[in-house]
Protein chains: 2
Amino acid sequence: MANQKPLILVTNDDGITAPGIRKLIKLMQELGDVIVIAPDSPQSGMGHAITVNDTIYCDPVQEFQDEGHKEYSCSGTPADCVKIAVQEIMHRKPDICVSGINHGSNSSINVIYSGTMSAAVEAGVEGIPAIGFSLLDYSIDADFSHCDTYVKKIVREVLKNGLPKGVVLNVNIPKLKASEIRGIKVGRQANAQWVEDFDKRTNPMGRDYYWLSGEFVNEDKGEDTDEWALAQGYVSVVPVQFDLTAHHFIDKLNDWKFNS
Amino acid sequence: MANQKPLILVTNDDGITAPGIRKLIKLMQELGDVIVIAPDSPQSGMGHAITVNDTIYCDPVQEFQDEGHKEYSCSGTPADCVKIAVQEIMHRKPDICVSGINHGSNSSINVIYSGTMSAAVEAGVEGIPAIGFSLLDYSIDADFSHCDTYVKKIVREVLKNGLPKGVVLNVNIPKLKASEIRGIKVGRQANAQWVEDFDKRTNPMGRDYYWLSGEFVNEDKGEDTDEWALAQGYVSVVPVQFDLTAHHFIDKLNDWKFNS
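It should be emphasised that the depicted structure is a prediction, and the values quoted were computed from it without experimental measurement.

Peer 1: Could you give an account of the sheet that holds strand β1 (residues 7-11) of chain A, with specific residues and numbers?
Peer 2: All names here are of chain A. Pairing is mixed in the open sheet, where nine strands are placed in the order β3-β4-β2-β1-β5-β6-β7-β13-β8. Looking at strand neighbours, the two that pair on one side only are β3 (58-60) and β8 (183-186), the edges of this open sheet. With strand direction ignored, the average angle separating the axes of adjacent strands in the sheet is 25 degrees. Strand direction decides the pairing type here: strand β7 (residues 167-173) and strand β13 (residues 234-241), joined by six bridges, are antiparallel. Considered in β13, the bridge of N172 is made with S236.

Next comes the structure, spelled out in structure tokens:
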């Protein structure tokens, strides 16, 4: 990179006006040249959705253009935003892609449902070092002030060291005061899950419908997990891969009588 | 299971009327008691999306009730279908969940975008042995006749052997005549990707929009990959996990100067 400032692609899944991405943009402006391509509306829970049977709009956002960087509002999913940024909007491949800061946790099994992480994974697929950031606070009024140090530190380390092909980072930040955070802890995705409890209701026309709700249950007490780190007051960093192959089970599967 | 017939949950991402799921339902009726909860409309490319900010409808489908099993049409995503099936519709946990048969490939990197596989993964998260089936033919008129033997064989093996916690199967079937299929091959997800080539157009009001398109590029020539197996005329079986942790990179990350 020599003396050139790094080119930083910023996106998220809560939408371009969410306080979390506004904070992330400000922090990234201290570290490099920023370009923002983010969804025009909230996309939480979108997983790694892409838009295959519909049109995608991606328009410059006038109100933010005077901040010294360009921003685009996109009708697609977070993964769409990254694809379109790299292919259509940006003149060179970004040095890093950061997604977030998400309003709410993407630790443990949440990673598979996460639009925030799908943007980071999509960037990783395209060969761009990428990080998803999430704060353990779903509130629109969440206080992101304690995130500054950790977000910048982790981005600087990735810019310095790079990331191996096929790996992106999932960073979760506890809802604590700056003075209460004990540091950064690298770990693995805890083996936890949501136990659903649908809220069944009847609409005014007499038709039943549901709201998805549920309880997060973590029986994985490992001290090497993201959940443990967060509960102890650490910022959690989990390296995430998108080779989903369960390599450990291939030998066993080959013993099955598939071809007899 | 003793003498009880296995209880089989069938879902997909192409929607409940797609020829691929109609075929899968017929095959599963030969193997057990079937219940169908599938999207009311196509959900291709939905990844592991869930519906968090909207209502979900899930209604019995009258037209299929006389086939000896119950079917429900759901307004949610494939992952929603599995959640609602297990929590609200089914009286006991299914012995297996099968998703598909998808009209189009879910091999290689397609697994992360796949609604078909997201349903299987969701079942896996809930502790249910699960398989996603896909045919390498996007056509609505695709010929599924050569799938019968292989689908039933793989389902029978999973019912007999079970699957380890955290693992589901991703099965892709070549577009070939029955006589041309060489058997079943277990392998890993090929390290391939889509190189996007957005089709930019202007709408009648003068606003630019995009269609996502692209070319599938596979430079992974490994003979242990799903792409290799499919190209050679084999049905490909890849074990898929949802612990996304890149365990091999944890030690290295711990060497970074995060806390200095």
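Peer 1: Any chance you could break down the sheet that holds strand β7 (residues 167-173) of chain B for me, citing the residues and the numbers?
Peer 2: Residue and element names in this part refer to chain B. A sheet is described by the order of its strands in space; here nine strands give the open sequence β3-β4-β2-β1-β5-β6-β7-β13-β8, paired in mixed fashion. Here the strands that pair on one side only, and so sit at the sheet edges, are β3 (58-60) and β8 (183-186). On average, each strand axis in the sheet is inclined to that of its neighbour by 25 degrees, with strand direction left out of account. Packed on one face of the sheet, helix α1 (residues 19-29) meets β1 (7-11), β2 (33-39), β4 (70-74), β5 (96-103) and β6 (130-135) and runs near 145 degrees to β5. This element, helix α4 (residues 148-161), spans β5, β6, β7, β8 and β13 (234-241) of the sheet and lies at about 170 degrees to β6.

Peer 1: Which residues make up the packing of aromatic side chains, and what are the values?
Peer 2: For the structure shown, the criterion picks out eleven aromatic pairs over all chains. Seen from their ring centres, Y209 of chain A and W211 of chain A are 6.5 Å apart, and the 75 degrees between their planes marks the pair as edge-to-face. For W211 of chain A, a relative accessible area of 28% corresponds to the partly exposed category. Judged by centre distance (5.7 Å) and plane angle (55 degrees), the rings of W256 of chain B and F258 of chain B are tilted. For the pair formed by W256 of chain B and F258 of chain B, the shared burial category is buried. An aromatic cluster of at least three residues, connected via ring pairs, comprises Y209 and W211 of chain A together with Y57 of chain B. Over the aromatic face of Y234 of chain A sits the side chain of K185 of chain A, whose NZ or CZ is 4.7 Å from the ring centroid. Sitting over the face of the ring of Y57 of chain B, R207 of chain A holds its NZ or CZ atom 3.8 Å from the ring centroid.

Peer 1: An account of helix α4 (residues 148-161) of chain A is needed here, citing residue identities and associated values.
Peer 2: Because each turn of an α-helix spans 3.6 residues, side chains separated by three or four positions end up pointing in the same direction. Residue and element names in this part refer to chain A. Spanning 14 residues, α4 covers 20 Å between terminal C-alpha atoms, matching the ideal 20 Å at 1.5 Å per step. Along α4, the positions that sit buried rather than exposed are Y150, V151, K152, I154, V155, E157 and V158. After α4 finishes, the residue G162 shows a positive phi value of roughly 70 degrees.

Peer 1: So what's going on with the relation of the copies chain B and chain A? Which residues, and what values?
Peer 2: For the pair chain B and chain A, the best superposition has an RMSD of 0.0 Å and corresponds to a rotation of 180 degrees with a translation of 0.0 Å parallel to the axis. Here the copies are linked by what is in effect a two-fold axis. Most of the interface of chain B is mirrored in chain A, where 100% of its interface residues again form contacts.

Peer 1: Now, about the pairing of β7 of chain A: what can you tell me, with residues and values included?
Peer 2: Residue and element names in this part refer to chain A. The element β7 is largely enclosed, with a buried count of seven among its seven residues. Of the two faces of β7, the one carrying V167, L169, V171 and I173 and the one carrying V168, N170 and N172 are both buried. Sheet topology note: the strand β6 (residues 130-135)/β7 ladder contains five bridges and is parallel. When the sheet's bridge partners are listed, I131 is paired in β7 with L169. Considered for its hand, the β-α-β crossover made up of β6, α4 and β7 is left-handed.

Peer 1: Describe the interface of chain B and chain A, listing the residues and the values that go with them.
Peer 2: Each side of the interface is counted separately: chain B has 81 residues, and chain A has 81 residues. At the surface where chain B touches chain A, the tally comes to four salt bridges. A salt bridge links D59 of chain A to R207 of chain B, with the nearest nitrogen and oxygen atoms 2.6 Å apart. Summed over the shared surface of chain B and chain A, the number is 30 residue pairs in polar contact (both at pLDDT 80 or more). A total of six residues in the side of chain B that touches chain A trace back to one element, the largest contributor, which is helix α2 (residues 78-89) of chain B. A per-class count over the side of chain B that touches chain A returns 40 nonpolar, 23 polar and 18 charged.

Peer 1: Lay out the UniProt feature "binding site: a divalent metal cation" (unreviewed entry) in chain A in plain terms, naming residues and giving numbers.
Peer 2: As recorded in UniProt, the feature "binding site: a divalent metal cation" (unreviewed entry) lies at D13, D14, S44 and N102 of chain A. Spatially, the listed residues are clustered: although they cover 90 residues, their C-alpha atoms lie within 9.0 Å of one another. Topologically, D13 of chain A is positioned in the loop between β1 and α1 (19-29). The exposure class of D13 of chain A is buried, given its relative accessible area of 3%. If we ignore the near neighbours within four places in the chain, the residues touching D13 of chain A are P39, S41, P42, Q43, S44, G45, P78, N102, G115 and T116 of chain A. Relative to the elements of secondary structure, S44 of chain A occurs in the loop between β2 (33-39) and β3. A residue is classified by how much of its surface remains accessible, and S44 of chain A, at 27% relative accessible area, is partly exposed. Residues within four places of S44 of chain A in sequence aside, it is in contact with D13 and D14 of chain A together with I50 and V52 of chain B. A polar atom in the side chain of S44 of chain A sits 3.3 Å from the side chain of D14 of chain A.

Peer 1: I'd love a proper account of the pairing of β2 of chain B, names of residues and values included.
Peer 2: Every regular strand shows the same layout, with side chains that alternate between the two sheet faces. Residues and elements named next belong to chain B. In terms of residue burial, β2 counts as a mostly covered element, since six of its seven residues are buried. Bridging between β1 and β2 involves four bridges; their strand directions are parallel. Paired with I8 across the bridge in β2 is V34. Remark: the β1/α1/β2 crossover connection has right-handed handedness.

Analysis parameters
Residues numbered from 1 in each chain as written. Chains lettered and ligands numbered in written order. Predicted model: local features only at pLDDT ≥ 70, side-chain atom pairs only at ≥ 80, totals over all residues. Heavy atoms only, no water. Pairing = 2+ DSSP bridges. Helix = DSSP H or I, 4+ residues; strand = E, 2+ residues; numbered from the N terminus. Axes fitted to C-alpha atoms, helices over the stretch in contact; angles between N-to-C directions. Contact = heavy atoms within 4.5 Å. Phe/Tyr/Trp six-rings, centres within 6.5 Å; stacked < 30°, edge-to-face > 60°. Buried < 20%, exposed > 50% of the residue type's maximum accessible area, 1.4 Å probe, protein only. Lys NZ or Arg CZ within 6 Å of the ring centre and 35° of its normal. Expected span 1.5 Å × (residues − 1). Least-squares fit on C-alpha atoms with pLDDT ≥ 70 in both. Right-handed = clockwise from strand over helix to strand, strands pointing away. Salt bridge = Lys/Arg side-chain N within 4 Å of Asp/Glu carboxyl O. Polar contact = N/O pair within 3.5 Å; in protein donor to acceptor, adjacent residues only side chain to side chain. Nonpolar A, V, L, I, M, F, W, Y, C, P; charged D, E, K, R; others polar. UniProt positions renumbered as here; feature names shortened; annotations may be inferred.

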